[in-house]
Amino acid sequence: MAQAEWILSCEKLTVDFDGFVAVNQMDFRLARGELRFLIGPNGAGKTTMLDMICGKTKPTSGKVLYGGTMDISRKKEHQIASLGIARKFQAPSIFQPLSVFENMELALKQNRSVWASLFRPTTSEQRERIMAGLALIGLDGKAQLRAGSLSHGEKQWLEIGMMLLQEPTVLLLDEPVAGMTDVETMKTGELLMTIKENCSVVVVEHDMEFVRAFSSTVTVMHEGSLLKEGTMEDIQSDQRVAEVYLGQKAG
Ligand SMILES: Nc1ncnc2c1ncn2[C@@H]1O[C@H](COP(=O)(O)OP(=O)(O)OP(=O)(O)O)[C@@H](O)[C@H]1O
């Protein structure tokens, strides 16, 4: 694949936390329009990889190329976010007392202060974008409900919907289905399959049923390094993966 087709390419990415090498010479490439799952046992370095991509943690060495050419590994977190790399953490950061619609309004006007944007009238074009976003995440029928009254899964979807209003190019998700019901988990997978048409997605995940159902390529990390990359079938039939990860889970 030509370099420009990789929306992200991490090359020999390494971070050393005072002598503890959490990620070690990690190569990771993400194609445009791809939904990639990043798995591995606890402490493998998955979250740290996302932290380095979004600028929360600075790599000790190696680089992250965005769009094939731009080295973003020394850029600040807000600069990386404004380039279109969005990071969602496990706990949803929504405004519980506000309605679902108001949360979306705030996200749309994110570059202004919370109070200023609340009192600025929403245009009909913005209203349409919000309703289209709510339809995508399945919350169009709940626009006027208080966000705090939503189920755990619905809150996660709302946060994803809010992030999508910023039209990111890459979405980084850390265990998005943790704590969800089976039905919510499947709906989330379907949502991600739709999202990836316009935005590449990286999902750090422990839920193997979820990964099996929605993955094409899976990246396995172990002790900070790449252990294996391939389809779920490739991963499951790999002896080393069984030993370090699936074997650990099974036994
Ligand atoms: N800021 C830090 N300082 C020191 N050590 C850190 C720091 N951040 C992470 N680590 C260590 O780096 C290793 C990798 O952590 P990381 O959270 O990336 O793993 P993970 O694969 O996401 O694990 P889990 O699946 O349990 O979330 C762990 O041993 C962790 O304790």
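This structure is a prediction, so every number in the text was calculated from the model and none was measured. (Residues numbered from 1 in each chain as written. Predicted model: local features only at pLDDT ≥ 70, side-chain atom pairs only at ≥ 80, totals over all residues. Heavy atoms only, no water.)

(A) View of the site of the ligand. The full set of residues close to the ligand is Phe-17, Phe-20, Ala-22, Pro-41, Asn-42, Gly-43, Ala-44, Gly-45, Lys-46, Thr-47, Thr-48 and His-206. Separating an oxygen atom of the ligand from a side-chain N or O atom of Lys-46 is a distance of 2.7 Å. Look at the ligand: alone it shows 640 Å² of surface, and the protein chains cover 59% of it. Only strand E2 (20-31) and helix H1 (46-54) provide two or more residues apiece to the shell around the ligand. (Near = heavy atom within 4 Å. Polar contact = N/O pair within 3.5 Å; in protein donor to acceptor, adjacent residues only side chain to side chain. Areas by Shrake-Rupley, 256 points an atom, 1.4 Å probe, with all protein chains shown as cover. Helix = DSSP H or I, 4+ residues; strand = E, 2+ residues; numbered from the N terminus.)

(B) Quick peek at the state of the cysteines. Tallying each qualifying case throughout the model produces zero disulfides. Note on Cys-54: no disulfide assigned, nearest cysteine sulfur contributed by Cys-10 at a separation of 11 Å. Residue Cys-54 is classed as buried on the basis of its relative accessible area of 4%. A disulfide-free cysteine, Cys-199 has its sulfur positioned 14 Å from the sulfur of Cys-54, the nearest such atom. (Disulfide = S-S within 2.5 Å. Buried < 20%, exposed > 50% of the residue type's maximum accessible area, 1.4 Å probe, protein only.)

(C) Summary view of helix H6 (residues 152-164). Compared with the 18 Å implied by 1.5 Å per residue over 13 residues, the 19 Å span of H6 between its first and last C-alpha is a close match. Taken across its 13 residues, H6 has twelve buried, putting it largely inside the fold. Looking only at H6, the buried set comprises Gly-153, Glu-154, Lys-155, Gln-156, Trp-157, Leu-158, Glu-159, Ile-160, Gly-161, Met-162, Met-163 and Leu-164. Tucked inside the fold, the buried residues of H6 contact strand E6 (85-88), helix H3 (100-108), helix H5 (124-136), strand E7 (170-174) and helix H7 (182-195). (Expected span 1.5 Å × (residues − 1). Contact = heavy atoms within 4.5 Å.)

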